[in-house]
Every structure is written in C-alpha cells, then in structure tokens.
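Geometric and topological summary
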Amino acid sequence: MKGWNWGGFFEYLTNEYMLEGALITLGLTVFSMVFGLILGFLVALMRMSKHKILSVPAYFYTWIMRGTPLLVQLIIIYTGLPQLGIRFSVLESTLIGLTLNEAAYLSEIVRAGISAVPRGQVNAARAIGMREFQVMRYVVAPQAFRIIIPPLGNSVNGILKTTSIASIISMEELLRRTQVLIQEKFLVLELFIVAALYYLVMTTAWEFIQRRIEKRLGRAFDVQATVTEQR
Amino acid sequence: MQQANAMIEVRAVNKWYGDSFHVLKNCSLAVGKGEVVVVCGPSGSGKSTLIKCVNGLESVRDGDILIDGVKATDPGTDMPKLRARVGMVFQHFELFPHMTVMENLCIGQEKVLGRSPSEARDKTLSLLERVGLTEHARKYPIQLSGGQQQRVAIARALAMDPIAMLFDEPTSALDPEMINEVLDVMVGLAQEGMTMMVVTHEMGFARKVADRVVFMDRGEIVENSDTEQFFAAPESERAKQFLSKILPH
C-alpha cells in the first residue's frame, strides 16, 4: 500500500508510550465516573428535594454544566482561573472538569432511576420502620441502580472517548500522546488509526463488562435465570 | 364512642387532596386491644387513605391519630419508631423485588430492630413455617404466586412483632383461587388476639372474625357497628345498598 507504513503501524500498536496513554485514559474514565456518580447522586437528591434552597442550586448546576461545552469548561478551569489566582495543574484541571461535567449528566440519570422505583416500595420500607436514609440505602437505591445500568453504561462509553478533549489543555492521555508521537515520527494516519483502535478495544471491553453487570443485577427479576440457578 | 384501652384511635380527622377534594371528612374510630375492625365501602370512599393515615404514610390536615397512646399526628413524634411497631400489608404486596424471601423478612429485623442475623433468621424461618412457605425462603418474589407473595408480606410485617396490624385491601389484587390462603392466615392472626384494622371487601372474612364493621362512603364514616348488627340490620341506607350489591345472591 502506497503511503501507508505497516512497520510503523505495528510498532506503535504495541508501543509502551501509547499503552501508557491508554491506561491514563482509563484512569481518567474511572475517576470521573466514580466521583461523577457520587456527586451526581447528591445533585439528584438535591434536585428532588422539596426545599427550594436545595433544588434550585442543583437545577442551576446541571443547567450550566450541560449547557456549555466541556472544552470551554476545561479551558476556563486551566487557563482562565489563574487570572483570579486559582491555579490547578493539568491533571487536577482535567479531573475537576470531567467530574463536574459528568456529574451533571449522571444526576439526571440517577434522578430518572430513583423516580422509576414505585412509590409503594417506599411506603413498604417506611411501614417496617426504616428511616429515610435506610429506605434509600436498602430499598430505593438498589432498585434504581439496576434501572440505570444501561444509561450508565452509555455514559462510561461516552466518557472514555470524551477524555480525549483534555488533550487540548495538554493532558497526556491517549490522544495527546498520539499527537506528540506524530510530531516526531510523521506517521499521521498510522498513529491516529492505532489510537482509534485503542479506544475501540476499551469501549468493546466495557460492553462485555456491562453485559455481565446487567445479568448479575437482573437475576432477581428473571424467572428463568432464578429457576435454573436453584436447580 | 372512644375506648379507654384503644390501640388505634382516629379523632376527627380531615384530609384534602389539594384544596378541592375532601377525601376524609371528620373521621373518628377506635380499634381496641385485640379487636378486629373491618373497614369497607365503595371504591373512592377514602378507606385506603384512612388506613395509610394511621401509620403516617399519608398526612392529615387536622384531627388526631393515636397508636398505643402515641400521637402519630404530632410532628415531633418519631414516626419510623412508631411504624416499626405497627405491621402493614398492602394491596400490591410490595415485597422488595431485589431481595430473597429470607432477606425481605430479615432486613427490618436487622436494620430497624437491631437483631443479630442468626436471631432474625430463626424468627424468619418460624414465620415462614407459620404461613406455609418454608421451602421458598431462598426464592425471589417474582418466583412466587400472588397468594404466596402476600403471605410473605404478612410474615414480613409479623417479623417486627407488631402491636397491631393494618391491612389495606390485602386480597384485592389476587386471583380468586388465592384469596383463601391469605384470608386463612389473617383469620389465624385474628383468633390469636392480634389487633387488626382491615380494609377489605371480603364480607365472609368480616362476618367470621370482625368485632366491628366500619362503613365508609365519600370520605365519611357512615356506620360503625357490631358485625352481627351490621349484616343483620345496617342502619344507613347507603350501607344497605352497598351490602345488597356486594353480598352473594
């Protein structure tokens, strides 16, 4: 193939620098997902509160975060805030930006999940004397979590790829490292294809993991599965 | 007619949905210790709302509700603590679908009453034996029939060693052939002296075990009579009409 360098392609397919970049991408994904979910859960609870002092700020938060591009948010955090004397490193800026942004989207998913748990379940939990946090902890949250696994899986898939935006503020994740290599080696297409393959492998792996989680959490709701398990 | 030793007391309770719908109109009744009171009436008469008010699952606008002398309508009352002492059974069972039968019965005992897992387990097994479901302990609710689920729900309420039991149309969502297995458990409870307030259309059950029957219509308690008297000679025209529609020919 004219213009395509197979040697270079295979060399960088297993290149340590690139693999490390993929691991960093994975790390950013896990971090922003875990903390985004915790923060998103809090925002969802605030949003659902009957007290305006809680629900209005929560609404305002999701409005801003979902209404502006992540790229702009990252640039404001990393490049803009130092003007006010607030300085974050590249890594800090990336983690803060990704988490705050993701939390806004996740809060909407969590809210939908909590709302989907039937009211009767809350009443039943209260009727045996559970306190509000116990109702949430033992009855509502586990059922809501099962409901939101599919959209949550979507979010993981999405954020895996969205982390590449952090390359703009020179966060050395997979895409940034690809660009650095390209500037040295001039294997533009080869390296971008390698990067794309890395992303594809990671999202595909996640797809398998998600299916297993769904199966596990769905056990109690699947007559067939539970019957065979008992035999 | 208020009783000195009432376990459940409802005093002049009013409730509105919004500003226009007056669901409960000045309702008063008392359920004495060990007494079984059946609440009946046409759908929309407010009987389910009333029983949910008793343990505070629904709020009231004015009036008082007392359980064992504790004011459920007082904002300062620790409602979870009070609810833990009153068992409730719902029309749609409301078992926790993500937990096995065993877990459904243990969760309240462990997390609310603070019983040890082995203590909770023993209690659960003896209750499951009582409702005839021992072999289903490890199943999930979805694997059980409606009648079995409702018996588990009764056992879950009993696991808390309640001082009274509230039943909100416990057989209305069941297929006809499953109604009796649930009623049998309830009759057994009544005969053991459990204090019970039961919203139901099962007039056979009322005749058999109820001490008194309360008839509600359009948010009002129209009649509150001894069971025999209620069936033999209802005082109000509305109760007469209701009975003529509901009783078998």
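What counts, and at which threshold
Residues numbered from 1 in each chain as written. Chains lettered and ligands numbered in written order. Predicted model: local features only at pLDDT ≥ 70, side-chain atom pairs only at ≥ 80, totals over all residues. Heavy atoms only, no water. Helix = DSSP H or I, 4+ residues; strand = E, 2+ residues; numbered from the N terminus. Buried < 20%, exposed > 50% of the residue type's maximum accessible area, 1.4 Å probe, protein only. Contact = heavy atoms within 4.5 Å. Areas by Shrake-Rupley, 256 points an atom, 1.4 Å probe, with all protein chains shown as cover. Lys, Arg positive; Asp, Glu negative; His and termini not counted. Charge placed at Lys NZ, Arg CZ, Asp CG, Glu CD. Axes fitted to C-alpha atoms, helices over the stretch in contact; angles between N-to-C directions. Left-handed = near helix turned anticlockwise from the far one by under 90°. Nonpolar A, V, L, I, M, F, W, Y, C, P; charged D, E, K, R; others polar. Buried area = accessible area lost by both parts, 1.4 Å probe. Salt bridge = Lys/Arg side-chain N within 4 Å of Asp/Glu carboxyl O. Polar contact = N/O pair within 3.5 Å; in protein donor to acceptor, adjacent residues only side chain to side chain. Pairing = 2+ DSSP bridges. Parallel < 35°, antiparallel > 145°, perpendicular 65-115°, else oblique. pLDDT = per-residue confidence, 0-100.

1. Looking at the overall build of chain B
Helix and strand counts for chain B come out as nine helices and 10 strands. Summarising its shape, the C-alpha atoms of chain B cover approximately 50 × 50 × 35 Å along the three principal directions. In chain B, which comprises 249 residues, the proportion classed as buried is 57%. Expressed as a percentage of contacts within chain B between residues at least 6 apart in sequence, the contacts between residues at least 24 apart total 65%. Summing over all exposed atoms, chain B offers an accessible surface of approximately 10500 Å²; the carbon and sulfur share of this is 46%. Separation of charge centres in chain B, based on 27 positive and 33 negative side chains, amounts to 2 Å.

2. Considering the packing of helix H1 (residues 6-13) of chain A against helix H9 (residues 188-218) of chain A
For any two helices packed against each other, one specifies the crossing angle of their axes together with the interaxial distance. Residue and element names in this part refer to chain A. Where H1 contacts H9, the axes come no closer than 9 Å and their chain directions differ by 35°. Note that H1 runs across H9; the crossing there is right-handed. Here Phe9, Tyr12 and Leu13 of H1 come into contact with H9, specifically with Glu190, Leu191, Ile193, Val194, Leu197 and Tyr198. Classifying every residue of the contact of H1 with H9 by side-chain character gives eight nonpolar, no polar and one charged.

3. Considerations on the interface of chain A and chain B
Counting from both sides, the interface comprises 23 residues of chain A and, opposite them, 28 residues of chain B. Summed over both partners, the interface of chain A with chain B comes to about 2300 Å²; 62% of that surface belongs to carbon and sulfur atoms. Of all residues in chain A, A:Ala127, A:Ile128 and A:Tyr138 bury the most surface against chain B, accounting for 24% of the area lost on that side. At the surface where chain A touches chain B, the tally comes to one salt bridge. B:Asp78 serves as the salt-bridge partner of A:Arg131, at 2.9 Å between the closest nitrogen and oxygen. Put simply, chain A and chain B have five residue pairs in polar contact (both at pLDDT 80 or more) between them. Sorting the residues of the side of chain A that touches chain B by element identifies helix H6 (119-127), helix H7 (132-162) and helix H10 (223-230) of chain A as the ones contributing at least two each. The element contributing the most residues to the side of chain A that touches chain B is H6(A), with seven residues. Residue composition of the side of chain A that touches chain B, grouped by class: 12 nonpolar, eight polar and three charged.

4. A closer look at the sheet that holds strand S2 (residues 21-32) of chain B
All names here are of chain B. Taken in spatial order, the four strands make up an open sheet running S2-S1-S4-S5, and their pairing is antiparallel. Each of the sheet's edge strands pairs with one partner strand only, and the pair in question is S2 and strand S5 (70-71). Relative to strand S4 (residues 62-67), strand S1 (residues 6-17) is paired through five bridges, and the arrangement is antiparallel. In the sheet register, Ile8 faces S4, and the bridge partner there is Ile67.

5. Notes on the packing of helix H2 (residues 16-48) of chain A against H9(A)
Residues and elements named next belong to chain A. One can describe the packing of H2 onto H9 by two numbers: an axis separation of 11 Å at closest approach and a directional angle of 40°. Between H2 and H9, the angle falls in the class oblique. Our pair here, H2 against H9, has a crossing hand that is right-handed. Residues Met18, Leu19, Ala22, Thr25 and Leu26 of H2 form the contact with H9, whose participating residues are Leu191, Val194, Ala195, Tyr198, Tyr199 and Met202. Residues belonging to the contact of H2 with H9 are distributed by class as follows: 10 nonpolar, one polar and no charged.

6. Brief notes about the side chain of B:Thr200
All names here are of chain B. Within the fold, Thr200 resides in the loop between strand S8 (196-199) and helix H7 (203-209). A polar contact is formed between the side chain of Thr200 and the backbone nitrogen of Glu202, at a distance of 3.0 Å. The contact partners of Thr200, leaving out residues within four places of it in the chain, are Val38, Val39, Cys40, Thr171 and Phe205.

7. As for helix H3 (residues 101-111) of chain B
A large share of H3(B) lies buried, amounting to eight of its 11 residues. In this fold, the buried residues of H3(B) make contact with H7 of chain A together with helix H4 (117-130) and helix H5 (146-158) of chain B.

8. What to know about the sheet that holds strand S6 (residues 86-89) of chain B
Residue and element names in this part refer to chain B. If you walk across this open sheet you meet the six strands as S6-S7-S8-S3-S9-S10, and the pairing is mixed. Because the sheet does not close on itself, it has two edges, and the strands there are S6 and strand S10 (220-226). On average, each strand axis in the sheet is tilted by 15° relative to the strand beside it, whichever way the strands run. Pairing of strand S7 (residues 164-168) with S8, which is carried by four bridges, proceeds in the parallel orientation. Of the residues in S8, the one forming a bridge with Leu166 is Met197. Packing of helix H6 (residues 176-191) onto the sheet brings it into contact with strand S3 (36-40), S7 and S8, and relative to S8 it is tilted by some 150°.

9. Looking at the confidence of the model for chain B
Detailed reading of the predicted coordinates is not advisable wherever pLDDT falls low. On average, chain B scores 93 in pLDDT, and the residues at 70 or more come to 98%. This prediction of the complex comes with two scores: 0.85 for pTM and 0.93 for ipTM.

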